[in-house]
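Letter by letter, the chains look like this.
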Amino acid sequence: MSKFNKKKKGELPAVNTASLPDIVFMLLFFFMVATVMRDNELKIKNELPAADQVEKLDKKDLVMYIYLGRPNDGFKDQFGEEARIQLNDKFAEVSDVPAFIYSERESKREELRPFLTTALKVDKEASMGIVGDVKQELRKVNALKINYTTRIGDVSLNKKN
Amino acid sequence: MAKRSSPEVNAGSMADIAFLLLIFFLVTTTIETDSGISRKLPPIEESEEDVIIKQKNIFTVLLNGKDQLLVEDEVMELEELRDAAIKFLDNGGGSGEDKCDYCKGAGDPKSSDNPDKAIISLKNERETTYATYISVQNELVAAYTSLRNKRAEELFGVSYTEMQKNYKDVNWPGSKLKLKENITQIKLEYPQKLSEVQ
């Protein structure tokens, strides 16, 4: 008997893993709360440029998103290599922008419509040509408040390497 | 009757289930970036008469298709742009009613009269890459911010960025009304006049 006990004393006790579920649950809840489910799937490359003089967009429901960028691999055959516009879930032409703005306005309450902002999420490799075209269309429909969405960081990150 | 004890549920797989959920959320999470440079586009109606702006009050920034920068007809690197813009905006070369009594600049009569008259005009070509365009926009906004910061520091002892942060902060103890007034004053002294020409 005494021999038995002696042997056991030398061993390391196993780590108690009973609190593991608690830790994992904590992490789980964090991610569940912090997650924003993306409402539209991106069909284009959308790597935003960096800037440090940024303002935050507070009212997320009053923002219209316009995505611009090069089509992803699966869509290259159909839509080519040049930067394209994506509205909601579909590829669009410049001429579709006014209709999109009107439908977005229509879906908001009337008193909120003047506060609508257009967020331009443009890939950093896109050329300004298409951005200029979109801006021109926005001016035509009087959607003048825009926001160039960027990452927060120093502008030196934008340089080509 | 014999007392039947219900068997205890085995909770050993709880961790596995939680891990599965955790991994699902980890994969699907996209932390959305919702900050950026806000701009206001000019309305499209052409005004009847053209407003005449003196050439010396315009600071032209040209970005060509090869992402090279031409500022006031001189080639410039991006790093120098901020200082050049500050120098132009804060010049205060005006006299009489255009006089600027808070400007710290050189007072060169060939440069801008006062920050209210000074306009930065940003032109780009179709081939300019967006990243460069944003960098330039960022530098120009930074020039305005640094001037506003300096002025706010001088008048109220806090920087402009700090004032704006306080204004948004719900727990800030001071008077919001007064703060709003101060912010407006700074904005009036250094208005952001940045035109994006097509």
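Since the structure is predicted, the reported quantities are computational estimates derived from the model, not experimental observations.

### What about the overall build of chain B?
Here is step 1 of the chain: Each helix and strand counted, chain B has five helices and six strands in total.
Here is step 2 of the chain: Scaling as 2.2 N^0.38, a compact globule of 198 residues should have a C-alpha radius of gyration of about 16 Å, whereas chain B reaches 27 Å, well beyond that.
Here is step 3 of the chain: Taken along its principal axes, the extent of the C-alpha atoms in chain B is 105 × 50 × 35 Å.
Here is step 4 of the chain: By the burial criterion, 27% of the 198 residues in chain B qualify as buried.

### Comments concerning the sheet that holds strand β5 (residues 119-124) of chain B
Residues and elements named next belong to chain B.
Here is step 1 of the chain: Spatially, the five strands line up as an open sheet ordered β4-β3-β2-β5-β6, and their pairing is mixed. The open sheet has two edge strands, β4 (74-76) and β6 (194-197), and neither has a second partner. For this sheet, the mean inter-axis angle between neighbouring strands, taken without regard to orientation, is 25°.
Here is step 2 of the chain: Along the sheet, helix α2 (residues 78-89) makes contact with β2 (58-63), β3 (69-71), β4 and β5, crossing β3 at roughly 20°.

### Observations concerning the packing of helix α3 (residues 130-156) of chain B against helix α4 (residues 160-168) of chain B
Residue and element names in this part refer to chain B.
Here is step 1 of the chain: Between α3 and α4, the shortest axis-to-axis distance is 7 Å and the interhelical angle comes to 85°. When the axes of α3 and α4 are compared, the pair comes out roughly perpendicular. Across the interface between the two elements, T145, R148, N149 and A152 of α3 pack against Y160, T161 and M163 of α4.
Here is step 2 of the chain: Across the contact of α3 with α4, the residue classes break down as three nonpolar, three polar and one charged.

### Points about the interface of chain B and chain A
Here is step 1 of the chain: The interface of chain B with chain A comprises 42 residues on the first partner and 50 residues on the second.
Here is step 2 of the chain: Contributing elements (two or more residues each) for the side of chain B that touches chain A: α1 (14-28), β1 (35-40) and α3 of chain B.
Here is step 3 of the chain: No other element matches α3 of chain B, which puts twelve residues into the side of chain B that touches chain A.
Here is step 4 of the chain: Looking at chain direction, strand β7 (residues 145-149) of chain A and β1 of chain B are connected through five bridges and run antiparallel. Counterpart to I146 of chain A in the pairing with β1 of chain B is R39 of chain B.

Reading the values: rules and limits
Residues numbered from 1 in each chain as written. Chains lettered and ligands numbered in written order. Predicted model: local features only at pLDDT ≥ 70, side-chain atom pairs only at ≥ 80, totals over all residues. Helix = DSSP H or I, 4+ residues; strand = E, 2+ residues; numbered from the N terminus. Rg over C-alpha atoms; globule rule 2.2 N^0.38 Å. Buried ≥ 20, exposed ≤ 12 C-beta atoms within 10 Å, placed from the backbone. Pairing = 2+ DSSP bridges. Axes fitted to C-alpha atoms, helices over the stretch in contact; angles between N-to-C directions. Contact = placed C-beta atoms within 7 Å. Parallel < 35°, antiparallel > 145°, perpendicular 65-115°, else oblique. Nonpolar A, V, L, I, M, F, W, Y, C, P; charged D, E, K, R; others polar.

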